[in-house]
Amino acid sequence: MAVFKKHDVAADMHGITEGVIWKQMLLFFFPILLGTFFQQLYNTVDAMVVGKFVGKQALAAVGGATGTLVNLIVGFFVGLSSGATVIISQYFGAREENGVSRTVHTAIAMGLGGGLILSIAGIIVSPAILRLMDTPEEVMTYATTYIRIYFAGMIPSLIYNIGSGILRAVGDSKRPLYFLICACLVNIVLDIVLVLYANMGVAGAALATIFSQAVSALLVILALLHATPALRLHWRKIRLHGDLLPRIIRIGLPAGLQSVMYSLSNLVIQSSINRFGTDMMATWTAYGKLDSFFWMIISAFGVTITTFVGQNFGAHKYDRMRKSIRTCLVMATVATLLVTGLLLTFGETLYRLFTDEEVVIQKGMQVLRLLAPFYCTYIGVEVFAGTVRGAGDSLIPMLMTLFGVCVLRVVWVTLIAPMKPDVTFMLLSYPITWSFTSILFIIYYFKGGWLERCERKAGYAHVDGRV
């Protein structure tokens, strides 16, 4: 077993297995949050520029018609590769340098191969899927143009996501943030140049996005090429290791399938939204940009607790792991209440960043007032799912999310909502499914025996399964 040199641990550990928990958690959380913000800013800037200077059809295409489809296809592979992130964090906590290195090269190989497959498949099948989603004809041309160009840039998109996941797995959440800030600035400049001055419309917005993603991918590759020995990327070593791939798939596949099922349920929602016309599509797109503030925050807490649990599980520091979970729950609750209040207070002003259409703004406020007060019901899902996934348990969380969020939401939209053909009644599926699934995760966390099972799979002697 190879171990880390002392200076490597001091440089990379960032206090995840030591120090004051709430301070170390905030130091790790904020770069992830800001990074998620800048990543979200890619599509948000696209939506703002085309919504203001091209029209509401382009706004509906860039967000509503294409966003869910992108999340469906890309989310599967990012979820799959998260298995590598969990394994790296556990190896790192256990100081197994060779295991970290082999997992890094396997993950990069997955990104290169998966990106190529997704590019080809996305360009070919996305127009057909857009039609299955009942995308209006007035939006179809814009949506097809944007989505095909977007999928052409899948390799850099996946490489950035995988590379940043590798860095975060060992406690480095700052450099992925810096890379995204650079890429976002490139995206903003190119949006202005290609859409406003070159009059390229949604094609210009899509090109701006993939060029900026290429920048972020290049930066993360350079970081790995010059990283400490355990993380250092060597081109000749990039390959799929047969002993690691099954472990990555075992942990990551449920997360990938969960992302797919989540996106499929959202596709059902989006298809129903599309039937209400372009105004409602534009409303849903603009709401999605405001709604993303909450999801950025809660997903950053999810990544944070997964990394904290993964490293402390690998280091056998169970008491610190439990304290990290409680700290994360408190922080996530405070942050959720804060963002809910801010959105409800300044929602109308924020909507005007995307559109000047009064009907879109007013409909958007109705949706915001309906859903934002229920954000707190999702906290348990994200924090407890990240907890058990960090220890290596991803199958049961996937099944609970599949049933609690996806199946129940589809049942509501397809069987119950048609009884009252109103968009507000249909959107009640969100708070209902968030609440139900959160209850499932709370029960599983306290009564599911997940820690003991993860210890057995990892070959650890059981110490204390109480959580």
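To keep things clear, this report deals only with the structure shown in the data block. (Residues numbered from 1 in each chain as written. Predicted model: local features only at pLDDT ≥ 70, side-chain atom pairs only at ≥ 80, totals over all residues. Heavy atoms only, no water.)

## A short note on the packing of helix α6 (residues 154-169) against helix α7 (residues 174-197)
Part 1 of the argument: The contact between α6 and α7 brings their axes to 8 Å, and the two run at 150°. One way to sum up the angle between α6 and α7 is to call them roughly antiparallel. Facing α6, whose interface residues are Tyr160, Ser164, Leu167 and Arg168, α7 presents Arg175, Pro176, Phe179 and Leu180. (Axes fitted to C-alpha atoms, helices over the stretch in contact; angles between N-to-C directions. Helix = DSSP H or I, 4+ residues; strand = E, 2+ residues; numbered from the N terminus. Parallel < 35°, antiparallel > 145°, perpendicular 65-115°, else oblique. Contact = heavy atoms within 4.5 Å.)

## With respect to a nonpolar patch on the surface
Part 1 of the argument: Where nonpolar side chains cluster on the molecular surface, the patch consists of Leu116, Ile120, Ile123, Ile124 and Val125 and spans about 430 Å² of accessible area.
Part 2 of the argument: When you line up the elements, Val125 lands in helix α4 (residues 97-132).
Part 3 of the argument: On the accessibility criterion, Val125 (34% relative accessible area) is partly exposed. (Patch = residues over 30% accessible without salt bridge, like charges linked within 9 Å, V, L, I, M, F, W, Y side chains within 5 Å. Areas by Shrake-Rupley, 256 points an atom, 1.4 Å probe, with all protein chains shown as cover. Salt bridge = Lys/Arg side-chain N within 4 Å of Asp/Glu carboxyl O. Buried < 20%, exposed > 50% of the residue type's maximum accessible area, 1.4 Å probe, protein only.)

## Some thoughts on the packing of aromatic side chains
Part 1 of the argument: In this structure the tally under the stated criterion is 21 aromatic pairs.
Part 2 of the argument: Ring geometry for Phe384 against Phe446: centres 6.4 Å apart, planes inclined by 70°, an arrangement best described as edge-to-face. Taken together, the residues span a long stretch of sequence, with Phe384 in helix α13 (residues 379-390) and Phe446 in helix α16 (residues 429-447) at a distance of 62 residues.
Part 3 of the argument: Here the aromatic cluster, defined as three or more aromatic residues joined through ring pairs, consists of Trp284, Tyr287, Phe294, Trp295, Tyr375, Tyr378, Tyr430 and Trp434. (Phe/Tyr/Trp six-rings, centres within 6.5 Å; stacked < 30°, edge-to-face > 60°.)

## Here we look at α6
Part 1 of the argument: Given a rise of 1.5 Å per residue, 16 residues ought to cover 22 Å, and the 22 Å separating the end C-alpha atoms of α6 matches this to within 8%.
Part 2 of the argument: Taken across its 16 residues, α6 has 14 buried, putting it largely inside the fold.
Part 3 of the argument: Immediately beyond the C-terminal end of α6, within one or two residues, lies Gly171, with a positive phi of roughly 100°. (Expected span 1.5 Å × (residues − 1).)

## Considering the pattern of salt bridges
Part 1 of the argument: One pass over the full model with this rule turns up 6 salt bridges.
Part 2 of the argument: Asp319 serves as the salt-bridge partner of Lys323, at 3.3 Å between the closest nitrogen and oxygen. Residue Lys323 and its partner Asp319 are both found in helix α11 (residues 318-351); the two are separated by 4 residues, about one turn of the helix.
Part 3 of the argument: Note that Arg352 and Glu358 form a salt bridge whose closest N and O atoms lie 2.9 Å from each other.
Part 4 of the argument: Residue class for Arg352 comes out partly exposed when judged on its relative accessible area of 32%.
Part 5 of the argument: Beyond isolated ion pairs, a larger network of salt bridges with shared partners links Glu348, Arg352 and Glu358.

## Let's talk about the nonpolar core
Part 1 of the argument: Core analysis: the biggest nonpolar cluster contains 146 residues, and Ile166, Ile273, Trp284 and Leu427 have the highest contact counts within it.
Part 2 of the argument: Sorting elements by how many residues they give to this core places helix α10 (residues 278-314) first, with 17 residues.
Part 3 of the argument: Aside from chain neighbours lying at most four places away, what touches Trp284 is Ile269, Gln270, Ile273, Val367, Leu371, Leu427 and Tyr430. (Core = buried A, V, L, I, M, F, W, Y, C linked by side-chain atoms within 4.5 Å.)

## Considering the packing of α10 against α13
Part 1 of the argument: Where α10 meets α13, the axes come as close as 7 Å, and the angle between the chain directions of the two elements is 25°. As summarised for this structure, α10 and α13 are arranged roughly parallel, according to the angle between their axes. The handedness of the crossing between α10 and α13 is right-handed. Facing Ile298, Ser299, Gly302, Ile305, Thr306, Val309 and Gly310 of α10, the residues of α13 in contact are Ile379, Glu382, Val383, Gly386, Thr387 and Gly390.
Part 2 of the argument: Residues belonging to the contact of α10 with α13 are distributed by class as follows: 5 nonpolar, 7 polar and 1 charged. (Left-handed = near helix turned anticlockwise from the far one by under 90°. Nonpolar A, V, L, I, M, F, W, Y, C, P; charged D, E, K, R; others polar.)

## Overview of unusual backbone geometry
A negative phi holds for most residues other than glycine; trans holds for most peptide bonds.
Part 1 of the argument: Of note, the phi angle at Asn199 is positive, near 55°, even though the residue is not glycine.
Part 2 of the argument: Mapping Asn199 onto the fold places it in the loop between α7 and α8 (201-225).
Part 3 of the argument: At His316, a position not held by glycine, the phi torsion is positive, near 65°.
Part 4 of the argument: Its place among the elements puts His316 in the loop between α10 and α11.

## Some remarks on the state of the cysteines
Part 1 of the argument: For the structure shown, the criterion picks out 0 disulfides.
Part 2 of the argument: Here Cys184 is not disulfide-linked; the sulfur of Cys182 is the nearest cysteine sulfur, at 10 Å.
Part 3 of the argument: Exposure remark for Cys184: the relative accessible area of 1% places this residue in the buried category.
Part 4 of the argument: Free of any disulfide, Cys454 has its nearest cysteine sulfur in Cys328, 17 Å distant. (Disulfide = S-S within 2.5 Å.)

## Topic: the layout of surface pockets
Part 1 of the argument: Its volume calculated, the largest pocket comes out at about 340 Å³.
Part 2 of the argument: Leu33, Ile297, Ala335, Leu338 and Val339 are the residues nearest the centre of the largest pocket, which is lined by 18 residues in total.
Part 3 of the argument: With 8 residues, the top contributor of residues to the lining of the largest pocket is α11. (1 Å grid on protein atoms, 1.4 Å probe; cavity = no way out; pocket = protein on both sides within 12 Å on 5 of 7 lines; lining within 4 Å. Points joined across faces, edges and corners; volume = space filled by probe spheres on them.)

## Section: helix α14 (residues 395-416)
Spacing of three or four residues puts side chains on the same side of an α-helix, whose turn is 3.6 residues.
Part 1 of the argument: The sharpest bend along α14 reaches about 35° and sits at Leu402.
Part 2 of the argument: Here the buried face of α14 lies against α9 (245-274), α13, α15 (423-427) and α16. (Bend = angle between axes of the 7 residues up to and from the residue.)

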